[in-house]
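The primary structure of each chain is shown beneath.
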Amino acid sequence: MSQYRPGTRLYSAVCAAEVMVIKCAAEGEVACGGHPMSTAPAADKSEPDAALAEGVLMGKRYTDEADSLELLCVKPGQGSLSFAGEALKEKATKKLPSSD
Amino acid sequence: MNIATLLQMAAEACPERGAFKCADDEFTFGELLHAATSAAMRFRSSQCQYVAYLGEASPAVPIALFGAALAEMPFVPLNYRLSDGELESLVSRISPALVVTDRRLGFQADGLVYADIKELLAADTEDPFEVPLDPDAVAVQLFTSGTTGAPKAALLRHSHLFSYIISSVEFMSAGEDEAQLTSVPPYHIAGISAILSSVYAGRRVVQLPNFDARTWLRLVSDEAITSAFVVPTMLARIVSEIDVDAGANCPTLQAIAYGGGKMPVPVIERALEVFPNVAFTNAYGLTETSSTVCLLGPEDHRQAWTSDDPQVRRRLGSVGRPLPSIEIEIRDETGRSLGPNASGEVYVRGPQVSGEYREKRVVGDDGWFATRDAGMVDEDGYVYLSGRADDVIVRGGENVSPGEVEDVLLEHPSVADVAIVGVPSKEWGEAIGAAIVLADGVAGDEEALRAHVKARLRSSKVPEYIRFVRELPYTETGKLLRRLVKADFQ
C-alpha cells in the first residue's frame, strides 16, 4: 500500500464525513466508522459500526499516536476515524491570539 | 490542499454570517463563495495564467483570491501606488495575466486581459466548482517591496498558506458579534493572511482602504469593531490622536495585533496606557514565511509593562516566541547554531515556510530559511530582532546593528524618530550616520545626543554624522527605506 499524498480528500463510506490529508509519513489505511475511506464519494453508504461512531468534527485535526498522520475534517460525520487499525485522536491545540 | 477549502468550510458552517464589508459593499460567507466561484469560471475561460489585482482593498480582493485558487491560477496583488512604468515591468513577469482593476494601464502587454472590480462584485453563481487538490500549486505570488533592490517574486504555495491557517487559527472560533478592522493593503502578506485567518475563524472583516487615524477610530465605534491589525506607523498615529486623560472611547475593541515592522517601545507603552482593556499581540513574520512565525501575546505585554524586572520589562521590545509549528535558530556567519543571548541571523523552519522566489529557492534541503533578519533568543525563548542582517554596520571591524543605536536615541525626549545607517568612511570602512526627526518644537543638540548614546553604549557606537530631517522615508506599510536614508549621507 502506498502512502496518502498531502492534499488528498477522503470520503467516508458510512456518513457525510470528509477529511483532507495534511501529513502522511507512514503506510496504512484511513477508515471511518470501521470502513475504508475513499477518494470518491460513496454511491451507497453502509452503516457505521456502532462501536466506531464517536463522530468527526468540522475543522478539527486528527492524528495517530506516533504523529505520522494528520487529517483535517472538512465535513462532519458520525463515524470515528482510524489509521492502520489505530483510532485517531483529536489533535490538542494551543489557542493562539489572532495575529493577522 | 487548496485555500479555497477554507472558504468552502466557512460558507458551509455559517453561510448567512457577514464576511466582508467595505463602504457599501457587503458579503456574507455564502455570497462570497458564490462570487468567488463565478470569478473562477471567468478566470479559467480567460486563457491567462495569472490573476493580478490592481486596486485598493475591497471585497473584490477575497473574491479574486479565492476565485484564483479555485481556478488554480496564482493570485498576484499589485501595488496600486506604482507608476505605469514600474507596473509594466511587473506585469511582463506574469504574462499572460488577467488584471482585476478599475483602471486602464498605459502600456500594452502580451495576452493582457482586464476584469472590472465592479463586475467581480456583481457576479454570483450557485453552480458547484470542484476545488483542485494539488498542494504544490502556487496560491499567491507577492512582489517584495524592494527596499534593497528590484522587487523579488515570492511564491506561496497552497500547502504553505493552508498549513499556516490551520495551525494558527481555530476553525469558527470567532463569535457572531466579532468584527475585525483591517487597513493593510492587499499586496502585503498581512493583507492576504488577514483574509484567510478571518474567513477560517468566521470573523466579519471591515476593510479600510486608505488608513487615517481619525477614520480608523470612527469605524471602530460605528462598526462595533472587536479586533484590528495595524502596522507600527498606524498605531503611532492612532495613539497620538487620543487624549490620554479622555481615553480611547472604543468600548467594543478587545484586541489589536501589530506587525510588519519594528515597533518603537514608547509607542506600544503609550498604546497600553490609552487602551487599558485591549489585548495586544506583536506578530513577527515575513512574506516568505506565509506571515506570522513569532508572537508576543497579550499576557506577555501586560506582564512586561507592569514588571520591575528588567529581563521581563524589555520583552515589550521582543517579537515573542515561535508558533508551536515553527522552529527558530540563531546562526553565526559560518552557519553555526548559537546559544541563548548570542546575536546572529534568524533562521526559521516549518510547514508554512516557503523561502522561495520565482527566480530561486533559498530554503535549504533541511527546510531552514535564512530570514536575513539579525537577532537573538534569550534563555526564556523570547526572540529579539536588531534589524536586517544586510543593514549591520561594520565600523572598524566591529559590528554595530542600527536597531540598538536607534532604540537608545528614541529614549531621548528630543527624538521623535530616527534611522541609523552606515556611511562610507576612509578611516573606519563605515561610520555611523543618524537621520533624526525631532519632536515638535524642540531644537536639535548634536552634542547632547552623542553624550546620550555614549552614556548608554560604547563610544564606538556614537553617530559620527547627524542629520536633522523633517521625516523619514517609509513604504506605506511602515517599512523604512534605509537605502534612501543612506543616500542622503553621501
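This is a predicted model, so every value here is computed, not measured.

Novice: Which parts of the structure should I look at to understand the pairing of strand E8 (residues 153-157) of chain B?
Specialist: Here is the key point about a regular strand: its side chains alternate between the two faces of the sheet. Residues and elements named next belong to chain B. For E8, a buried count of four out of five residues is recorded, marking the element as mostly surrounded by other parts of the structure. Summarising the sheet, strand E7 (residues 138-143) and E8 pair through five bridges and their orientation is antiparallel. When the bridges of E8 are listed, Val 138 appears paired with Arg 157.

Novice: Would you mind going over the sheet that holds strand E2 (residues 18-24) of chain A with me for this structure?
Specialist: Either a parallel or an antiparallel arrangement is found when strands of a sheet pair, and the pairing is made through backbone hydrogen bonds. Residues and elements named next belong to chain A. Spatially, five strands are ordered E1-E2-E6-E5-E9 in an open sheet, and the strand pairing comes out antiparallel. The open sheet has two edge strands, strand E1 (9-11) and strand E9 (89-90), and neither has a second partner. Relative to E9, strand E5 (residues 61-63) runs antiparallel, the two being bridged by two bridges. Looking at the pairing, Thr 63 lines up with Lys 89 of E9.

Novice: How should I be thinking about the confidence of the model for chain A in this particular structure?
Specialist: If pLDDT is low for a region, its predicted coordinates should not be looked at in detail. Chain-level statistics for chain A give a pLDDT mean of 92 and a share of 98% at 70 or above. Predicted confidence in chain A is weakest over strand E4 (residues 35-36) of chain A, with a mean pLDDT of 94, and strongest over E5(A), with 97.

Novice: Looking at this structure, I do not really get the pattern of salt bridges. What am I missing?
Specialist: Pairs can form between side chains of opposite charge once their charged atoms are near each other. In this structure the tally under the stated criterion is 39 salt bridges over all chains. Note that Arg218(B) is salt-bridged to Asp222(B), the shortest N-O span being 3.3 Å. With Arg218(B) and Asp222(B) both in helix H8 (residues 213-222) and four residues apart, the pair spans about one turn of that helix. What makes Arg218(B) partly exposed here is its relative accessible area of 46%. Between Lys486(B) and Glu430(B) there is a salt bridge, with its nearest N and O atoms 3.9 Å apart. With Lys486(B) in helix H15 (residues 482-488) and Glu430(B) in strand E23 (residues 429-438), the pair connects residues that are 56 residues apart, well separated along the chain. Salt bridges linked by common partners bring Arg5(A), Asp134(B) and Asp136(B) together as one network.

Novice: Just to check I follow, could you spell out the sheet that holds strand E7 (residues 81-83) of chain A for this structure?
Specialist: Strand order in the open sheet formed by four strands is E4-E3-E7-E8 (chain A), with antiparallel pairing between adjacent strands. On the outer flanks of this sheet lie E4 and strand E8 (86-87) of chain A, each paired with one strand and no other.

Novice: When you look at the domain arrangement of chain B in this model, what are you seeing that I'm missing?
Specialist: Think of interface size as the accessible area that goes away when the parts come together; that is how it is often given. Residues and elements named next belong to chain B. Entries for chain B in the domain assignment read domain 1 (4-302), domain 2 (303-389) and domain 3 (392-488). Placing a centre on the C-alpha atoms of domain 1 and another on those of domain 3 gives a separation of 34 Å. Residue-level contacts link 15 residues of domain 1 with nine residues of domain 3. Across the interface of domain 1 and domain 3, roughly 1,000 Å² is buried in total on both sides, 58% from carbon and sulfur atoms. Counting across the interface, domain 1 meets domain 3 through one salt bridge. The closest approach of N and O atoms between Lys 262 and Asp 407, which form a salt bridge, is 3.5 Å. Run the count over domain 1 and domain 3 and you get zero residue pairs in polar contact (both at pLDDT 80 or more). Class assignment for the residues of the side of domain 1 that touches domain 3 results in five nonpolar, eight polar and two charged.

Novice: Would you mind going over the environment of Pro15(B) with me for this structure?
Specialist: All names here are of chain B. Checked against the element boundaries, Pro 15 lands in the loop between helix H1 (4-13) and strand E1 (18-22). When the C-alpha atoms of Pro 15 and Gly 202 are compared, they prove to be 9.8 Å apart, with 187 residues separating the residues in sequence. Those residues in contact with Pro 15, other than ones at most four positions away along the chain, are Ala 10, Thr 28, Phe 29 and Gly 30.

Novice: Got a minute to help me understand the packing of aromatic side chains in this structure?
Specialist: The relative placement of two aromatic rings is captured by the distance of their centres and the angle of their planes. Residues and elements named next belong to chain B. All told, the structure shown has three aromatic pairs over all chains when counted by the stated rule. With centroids separated by 5.9 Å and ring planes inclined at 70°, the aromatic side chains of Tyr 80 and Tyr 187 adopt a geometry described as edge-to-face. Of the two residues, Tyr 80 sits in the loop between strand E4 (75-78) and helix H4 (84-91) while Tyr 187 sits in the loop between strand E9 (179-182) and helix H7 (189-201), which places them 107 residues apart along the sequence. The class for Tyr 80 is buried, based on a relative accessible area of 14%. A relative accessible area of 12% places Tyr 187 in the buried class. Each ring, one from Phe 171 and one from Tyr 200, has its centre 5.0 Å from the other, and the planes form 50°; the classification is tilted. With Phe 171 in the loop between helix H6 (158-168) and E9 and Tyr 200 in helix H7, this pair connects stretches of sequence that are 29 residues apart. Like Phe 171, the residue Tyr 200 is buried in the burial classification.

Novice: I would appreciate a short explanation of the interface of chain B and chain A in the present structure.
Specialist: Counting residues at the interface gives 35 residues for chain B and 23 residues for chain A. Both sides together, the interface formed by chain B and chain A hides about 2,200 Å², and carbon and sulfur atoms give 59% of it. In this assembly, chain B and chain A are joined by three salt bridges. Here Lys60(A) makes a salt bridge to Glu170(B), at a shortest N to O gap of 2.7 Å. At the boundary of chain B and chain A, one finds 12 residue pairs in polar contact (both at pLDDT 80 or more). Taken together, the elements giving at least two residues each to the side of chain B that touches chain A come down to H1, H6, H7, strand E13 (279-286) and strand E14 (291-296) of chain B. When grouped by side-chain class, the residues that make up the side of chain B that touches chain A number 18 nonpolar, 12 polar and five charged.

Conventions used here
Residues numbered from 1 in each chain as written. Chains lettered and ligands numbered in written order. Predicted model: local features only at pLDDT ≥ 70, side-chain atom pairs only at ≥ 80, totals over all residues. Heavy atoms only, no water. Buried < 20%, exposed > 50% of the residue type's maximum accessible area, 1.4 Å probe, protein only. Helix = DSSP H or I, 4+ residues; strand = E, 2+ residues; numbered from the N terminus. Pairing = 2+ DSSP bridges. pLDDT = per-residue confidence, 0-100. Salt bridge = Lys/Arg side-chain N within 4 Å of Asp/Glu carboxyl O. Domains from an automatic or database assignment. Contact = heavy atoms within 4.5 Å. Buried area = accessible area lost by both parts, 1.4 Å probe. Polar contact = N/O pair within 3.5 Å; in protein donor to acceptor, adjacent residues only side chain to side chain. Nonpolar A, V, L, I, M, F, W, Y, C, P; charged D, E, K, R; others polar. Phe/Tyr/Trp six-rings, centres within 6.5 Å; stacked < 30°, edge-to-face > 60°.

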